[in-house]
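# Survey of secondary and tertiary structure
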Amino acid sequence: EDWAAAVAAVRSLPAGGRVLLICHVNPDGDALGSMLGFGLGLRRLGVRQLQATFPGPPEVPEPFRALPGLDLLVPAAQAIADPDLVLCFDAASESRLGDLVDRLDRAPAIVLDHHASNTRFGGIHLVDPAAAATSVVAERLLTRLGVPLDQEIAECLYVALATDTGSFRFDMTTPAVHEMAARLLATGIRPGEISRRIFDTRPFGAIRLYGEVLSRTTLDPAAAGGHGMVWTYATQDDLARHGQRPYVLEPLIDSVRCAAEADVSCVVKQTGTREWAVSMRSKGAVDVSRVAVALGGGGHRLAAGFTGRGTAHEVAAAIRDELDTALIDPEVPGQAGV
Ligand code: 5GP
Ligand code: MN
Ligand code: MN
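Residues numbered from 1 in each chain as written. Chains lettered and ligands numbered in written order. Predicted model: local features only at pLDDT ≥ 70, side-chain atom pairs only at ≥ 80, totals over all residues. Heavy atoms only, no water.

### Some details on the coordination of the manganese ion (ligand 3)
The protein atoms that coordinate the manganese ion (ligand 3) are Asp30 (OD), Asp90 (OD), His114 (NE2) and Asp164 (OD), at distances of 2.1 to 2.3 Å. Between the manganese ion (ligand 3) and the manganese ion (ligand 2), a spacing of 3.8 Å is present, and a bridge between the two is formed by Asp90. Note that Asp90 is positioned in the loop between strand E3 (85–89) and strand E4 (109–113) and Asp164 in helix H4 (residues 151–164), a separation of 74 residues in sequence. As far as the burial class goes, Asp90 and Asp164 line up, both buried. (Donors = N, O, S within 2.8 Å, 3.2 Å for Na, K, Ca; no water. Helix = DSSP H or I, 4+ residues; strand = E, 2+ residues; numbered from the N terminus. Buried < 20%, exposed > 50% of the residue type's maximum accessible area, 1.4 Å probe, protein only.)

Below, the structure written as structure tokens:
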């Protein structure tokens with residue numbers, strides 16, 4: 001990790017230097033929270049020419065529309081073409097940055113990330129696979145830059161940390177994670193209010209949509225060498241009938257993965273005529289990032305995704321075919337655990 005280079009790159013910004021912050025397509029709480037929290041920190045340092053953006057549709061999911069720092073956001077089409085410094089958040093590979101990748105070649109680029117599958121693109125790497133969220137890396141860099149936490153920065157970093165740890169439930173919820181959460185909470189932010197907004201507020205139509213999509217969940221007990229796979233799909237027509245935006249489907253994987261009979265769970269979400277965004281989770285028998293990489297995507301051992309082609313059932317069949325080669329062998333060093 002290039003901490004000294006990252007600090008030097010920020011400190012050597014010329015007066016009036018232009019900074020562009022980018023995060024991955026279809027941003028989640030960690031992508032937006034770490035990017036905006038860090039952006040607010042740069043603003044405290046006196047950086048004035050500051051933009052944040054992400055590729056694809058410039059729509060911020062409703063649960064994140066109260067995040068501090070949203071005024072930093074611009075549509076990708078309007079993002080500074082020739083910044084003096086680029087910072088990239090929560091993206092494991094350039095493919096997650098769409099057309100914004102060209103910015104990485106035009107200025108020093110600091111990549112903050114925590115995916116083990118990170119391809120080490122960009123010039124300055126702050127990539128820590130042991131970090132529970134990219135916001136952990138972002139907080140470290142803010143500290144090294146001497147930026148104190150305030151409530152706005154803390155709320156952004158807290159949303160990022162809470163989303164990526166599944167509200168402090170996953171195995172990477174280490175003492176250090178709780179210590180960071182304690183530092184953030186000490187600023188006075190309200191965890192109950194934030195959690196209700198992020199995790200527990202959905203439009204009524206989304207509840208009806210969840211009912212329909214969950215009712216077609218399928219269990220395949222023989223998949224993954226008998227560890228089992230459970231999956232469902234949602235079409236663009238489902239969304240239209242219930243008047244819902246695609247991001248309302250994100251929490252569904254957390255319901256599907258509850259099925260006790262399956263180690264692997266998937267939600268296949270239609271994004272085009274024959275195109276699907278796939279979310280996969282594992283309880284530990286399968287390394288789903290290997291499945292995702294084999295099918296053109298990426299992610300973590302226990303949470304990964306890719307873009308699938310064909311019908312939903314064809315996508316599910318393709319996943320099933322990859323599961324047997326992605327079984328985790330607890331005897332092989334480095335394969336067991338998270
Ligand atoms: P989610 O299911 O929450 O969308 O994504 C879980 C994990 O898989 C995330 O850490 C994300 O980085 C990764 N991921 C999801 N979709 C894709 C994809 O299309 N390509 C790549 N490279 N990674 C993905
Ligand atoms: Mn993410
Ligand atoms: Mn993340």
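Now, onward.
### Here we look at the packing of H4 against helix H5 (residues 175–185)
Two elements in contact, H4 and H5, have axes separated by 9 Å at closest approach and are oriented at 150 degrees. When the interaxial angle is binned, H4 and H5 end up roughly antiparallel. Judged by the twist between their axes, the crossing of H4 over H5 is left-handed. Here H4 contributes Ala154, Leu157, Tyr158 and Leu161 to the contact with H5, which in turn contributes Val177, Met180, Ala181, Leu184 and Leu185. (Axes fitted to C-alpha atoms, helices over the stretch in contact; angles between N-to-C directions. Parallel < 35°, antiparallel > 145°, perpendicular 65-115°, else oblique. Left-handed = near helix turned anticlockwise from the far one by under 90°. Contact = heavy atoms within 4.5 Å.)

### Examining the pattern of salt bridges
Scanning the entire structure with this criterion turns up 24 salt bridges. Notably, a salt bridge pairs Asp287 with Arg290, separated by 3.9 Å at the nearest N-O pair. For Arg290, a relative accessible area of 32% translates into the label partly exposed. The shortest N-O distance in the salt bridge between Asp287 and Arg301 comes to 3.9 Å. Of this pair, Asp287 sits in the loop between strand E9 (275–282) and helix H10 (288–294) while Arg301 sits in the loop between strand E10 (298–299) and strand E11 (303–309), placing them 14 residues apart in sequence. Residue Arg301 is classed as buried on the basis of its relative accessible area, which comes to 17%. (Salt bridge = Lys/Arg side-chain N within 4 Å of Asp/Glu carboxyl O.)

### Looking at the site of ligand 1
For ligand 1, the set of nearby residues contains 13 residues, the closest of which are His115, Ser279, Arg281, Gly298 and Ala304. In the environment of ligand 1, an oxygen atom lies 3.3 Å from a nitrogen or oxygen atom belonging to the side chain of His300. Protein burial of ligand 1: of its 490 Å² of free accessible surface, 79% is covered by the chains. When residues of the shell around ligand 1 are traced back to their parent elements, those giving at least two are E9, E10 and E11. A total of five residues in the shell around ligand 1 trace back to one element, the largest contributor, which is E11. By residue class, the composition of the shell around ligand 1 is three nonpolar, eight polar and two charged. (Near = heavy atom within 4 Å. Polar contact = N/O pair within 3.5 Å; in protein donor to acceptor, adjacent residues only side chain to side chain. Areas by Shrake-Rupley, 256 points an atom, 1.4 Å probe, with all protein chains shown as cover. Nonpolar A, V, L, I, M, F, W, Y, C, P; charged D, E, K, R; others polar.)

### Section: the sheet that holds strand E2 (residues 49–53)
Strand order in the open sheet formed by five strands is E2-E1-E3-E4-E5, with parallel pairing between adjacent strands. Every interior strand has two partners, whereas the edge strands, E2 and strand E5 (124–127), have only one. When the angles between neighbouring strand axes are averaged without regard to direction, this sheet yields 15 degrees. Judged from the five bridges that link them, strand E1 (residues 18–23) and E3 form a sheet pairing that is parallel. In the sheet register, Ile22 faces E3, and the bridge partner there is Cys88. Packed on one face of the sheet, helix H2 (residues 29–44) meets E1, E2 and E3 and runs near 165 degrees to E1. The strands that helix H3 (residues 134–144) touches are E3, E4 and E5; relative to E4, the one it contacts most, it runs at about 130 degrees. (Pairing = 2+ DSSP bridges.)

### Digging into the domain arrangement of the protein chain
Each assigned domain of the protein chain is listed here: domain 1 (3–199) and domain 2 (205–326). Distance between the C-alpha centres of domain 1 and domain 2: 27 Å. Tallying the contact residues gives 10 residues for domain 1 and five residues for domain 2. With both chains or domains summed, domain 1 and domain 2 bury close to 650 Å², and 50% of this area falls on carbon and sulfur atoms. The three residues of domain 1 that bury the most area against domain 2 are Glu59, His115 and Ser117, which together make up 49% of that side's buried surface. For the pair domain 1 and domain 2, the interface holds one salt bridge. Salt-bridge contacts for Arg245 lead to Glu59; the nearest nitrogen and oxygen are separated by 2.6 Å. Put simply, domain 1 and domain 2 have five residue pairs in polar contact (both at pLDDT 80 or more) between them. Taken together, the residues of the side of domain 1 that touches domain 2 sort by class into three nonpolar, three polar and four charged. (Domains from an automatic or database assignment. Buried area = accessible area lost by both parts, 1.4 Å probe.)

### A look at the sheet that holds strand E6 (residues 218–220)
The mixed open sheet is built from six strands, whose spatial order is E6-E7-E8-E9-E11-E10. Two strands bound the open sheet, and with one partner strand each, they are E6 and E10. Looking at chain direction, E6 and strand E7 (residues 229–234) are connected through three bridges and run antiparallel. Bridge pairing links Thr218 to Trp231 in E7. Where helix H11 (residues 312–323) meets the sheet, it contacts E6, E7, strand E8 (264–272), E9 and E11, and its direction lies at approximately 155 degrees from that of E7.

### Observations concerning the coordination of the manganese ion (ligand 2)
Protein-derived ligands of the manganese ion (ligand 2) are His24 (NE2), Asp28 (OD) and Asp90 (OD), with the metal-ligand distances lying across 2.1 to 2.3 Å. Along the chain, the residues donating to the manganese ion (ligand 2) fall in the pattern H-x3-D-x61-D.

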